[in-house]
Amino acid sequence: MTNDRVIASWSESGYAAQWQQADGMSAMLRLPWAIATTLVGHERAPQRVVDVGSGPGTFLAALLEAYPEARGVWIDASPDMRERAAETLAPYAGRVEYVVGDAAGLSAMEAARDADVVLNSRVAHHFDRPGLEAFYRDAAGLLVPGGWLVTLDHILPPGDWDRRYRDVLPIFAGPHAGKPSHPHYFPFPSMLDHLDALAEAGLTDADLAWRAFYTCLYVARKAA
Ligand SMILES: C[S@@+](CC[C@H](N)C(=O)[O-])C[C@H]1O[C@@H](n2cnc3c(N)ncnc32)[C@H](O)[C@@H]1O
């Protein structure tokens, strides 16, 4: 799964701040972040939330705000993002553990064990297909029975739809939306690839909970 080129680009000095400043999509993603936050606590408030590739920590902050008893684990390969996240997550200081590391090593990260929720937002498309499968397997292994895996990610739509969506996305999410500024694996997994990979990881209780353009929210529950 490890893609040193991806990690190196996110870790370049100044890139994290530049990316966050240009990130017009985050306003649009507040809705799926809120939907996921509500769904995972609808029956029982989560106690331990792990956010993989958390970046500035905005999604993790939404869960910590909604569930005051919850503790968060922030994971990201970029040391610069750790600094951005410290600002976002300052109101929850004392409830967050930080791990700067590659998601490829997720299964060995002690801090991430026994999670009620494992989140990842806009990260999974940085993995190749075997990497995506390994990531879901590792994440499922960290979850307690009845725990939740949440993926928000960009997918490859069929035919001309990728181009169409990318053409119009700037109208909704600012001039940089849909224009990659760091290395990726192409093509991205399709909408169904994610559900297949989740099922292969044993997470068959899964659904597409929200979609806009080529960005999809998947919510999956581990069997109790
Ligand atoms: C597009 S940003 C998303 C940040 C945040 N989750 C959000 O949606 O606002 C992708 C993040 O994934 C991190 N990342 C990329 N590959 C990674 C890997 N293999 N392990 C851990 N973090 C990774 C990057 O450093 C970056 O912070």
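Along every chain, residues carry numbers that run from 1 in the direction the sequence is written. Local features are withheld for residues below a pLDDT of 70 in this predicted model, meaning they are given only at 70 or higher, and side-chain atom pairs are given and counted only at 80 or more; totals for whole chains, interfaces and linings count all residues. The basis for the side-chain values is all heavy atoms of the structure; hydrogens and waters are excluded.

The name recorded for the protein chain in an unreviewed UniProt entry is Class I SAM-dependent methyltransferase, from Jiangella ureilytica.

Draft legend 1. Expanded view of the side chain of histidine 125. We count a stretch as a helix when DSSP gives it H or I for four or more residues in a row; a strand needs E for two or more, and each element gets its number in order from the N terminus. Relative to the helices and strands, histidine 125 is located in the loop between β4 (115–121) and α7 (129–142). For the exposure calls, accessible area comes from a 1.4 Å probe over protein chains only, and a residue counts as buried if that area is under 20% of its type's maximum, exposed if over 50%, partly exposed in between. Judged by relative accessible area, histidine 125 falls into the buried class, the value being 3%. Of the polar contacts made by the side chain of histidine 125, one reaches the side chain of aspartate 153; its length is 2.5 Å. We define a polar contact as two N or O atoms separated by no more than 3.5 Å, with the added condition that, inside protein, one atom must be a possible hydrogen donor and the other a possible acceptor, whereas residues neighbouring each other in sequence contribute only through side-chain atom pairs.

Draft legend 2. Representation of the packing of aromatic side chains in the model. Ring geometry is summarised as follows: Phe, Tyr and Trp rings, the Trp one being its six-membered ring, pair when their centres sit within 6.5 Å, and such pairs are stacked at plane angles under 30 degrees, edge-to-face over 60 and tilted between the two. Following the criterion strictly, the structure yields 9 aromatic pairs and no others. Both rings, one in tyrosine 165 and one in phenylalanine 213, keep their centres 5.8 Å apart while their planes meet at 75°; by these two values the pair is edge-to-face. A residue pair is termed long-range when its members are at least 10 positions apart, and tyrosine 165 in helix α8 (residues 161–173) and phenylalanine 213 in the loop between β6 (205–212) and β7 (215–221) qualify at 48 residues. For phenylalanine 213, a relative accessible area of 19% translates into the label buried. Pairwise contacts between aromatic rings join Trp161, Tyr165, Phe172 and Phe213 into one cluster.

Draft legend 3. Molecular detail of the UniProt feature "domain: Methyltransferase" (unreviewed entry) in the protein chain. UniProt positions are given in the numbering used here, feature names are shortened, and annotations may be inferred rather than shown by experiment. Residues given the UniProt feature "domain: Methyltransferase" (unreviewed entry) here are residues 49–147. Taken end to end, residues 49–147 is 33% helix and 27% strand, and its two terminal C-alpha atoms sit 10 Å from one another.

Draft legend 4. Spatial organisation of the site of the ligand. Around the ligand, a shell composed of 21 residues is seen, among which Gly53, Asp76, Ala103, Ser121 and Arg122 lie nearest. In the environment of the ligand, a nitrogen atom lies 3.0 Å from a nitrogen or oxygen atom belonging to the side chain of aspartate 102. Measuring from an oxygen atom of the ligand, one finds a side-chain N or O atom of arginine 122 at 2.9 Å. For the ligand, whose free accessible area comes to 600 Å², the fraction covered by protein is 97%. The element that contributes the greatest number of residues to the shell around the ligand is helix α1 (residues 4–11), accounting for 3 residues. Under the grouping applied here, Gly and all other residues not named as nonpolar or charged are polar, the nonpolar ones being Ala, Val, Leu, Ile, Met, Phe, Trp, Tyr, Cys and Pro and the charged ones Asp, Glu, Lys and Arg. For the shell around the ligand, the per-class residue count stands at 11 nonpolar, 7 polar and 3 charged. The rule for a residue being near a molecule or strand is that one of its heavy atoms must lie within 4 Å of it. Accessible areas in this description were obtained via Shrake-Rupley with a 1.4 Å probe; residue shielding takes into account the shown protein chains only.

Draft legend 5. View of helix α2 (residues 15–22). Listed in full, the buried residues belonging to α2 are Tyr15, Ala16 and Trp19. In a view along the axis of α2, the buried residues occupy a sector of 100°, so they form one face of it. Residues of α2 that are exposed and point over 90 degrees away from its buried face: Gln18 and Gln21. Residues of α2 that are buried in the fold lie against α1 and α6 (79–88). By arc we mean the arc of the directions from the helix axis to the C-beta atoms, nothing more. Contacts are assigned to residue pairs with any non-hydrogen atoms lying within 4.5 Å of each other.

Draft legend 6. Seen up close, a nonpolar patch on the surface. The residues that make up patches have over 30% relative accessible area and no salt bridge, and they are joined within 9 Å when like-charged or within 5 Å when they are Val, Leu, Ile, Met, Phe, Trp or Tyr. The working definition used for a salt bridge is a side-chain nitrogen of Lys or Arg within 4 Å of a carboxyl oxygen of Asp or Glu. On the surface, Val168, Ile171 and Phe172 cluster together into a nonpolar patch covering about 320 Å² of accessible area. Mapped onto the fold, phenylalanine 172 is located in helix α8.

Draft legend 7. Summary view of the sheet that holds β7. Here, a strand pair is defined by DSSP locating no fewer than two bridges between the strands. Read from one edge of the open sheet, 7 strands run β3-β2-β1-β4-β5-β7-β6, paired in mixed fashion. At either margin of the open sheet sits one strand with a lone partner, and together these are β3 (96–100) and β6. Strand-to-strand twist across the sheet, computed as the mean angle between neighbouring axes with direction ignored, equals 15°. Examined bridge by bridge, strand β1 (residues 48–52) and β4 share 4 bridges and lie parallel to one another. If you follow valine 52 over to β4, its bridge partner there is asparagine 120. Geometry is summarised by axes, namely lines fitted to C-alpha atoms with helices restricted to the contacting stretch, and by angles between N-to-C directions that run from 0 to 180 degrees. Taken strand by strand, helix α4 (residues 30–40) contacts β4, β5 (143–154), β6 and β7, and its axis lies near 170° from that of β5. In the packing of α6 onto the sheet, contacts are made with β2 (71–76) and β3, and the angle to β3 comes to roughly 165°.

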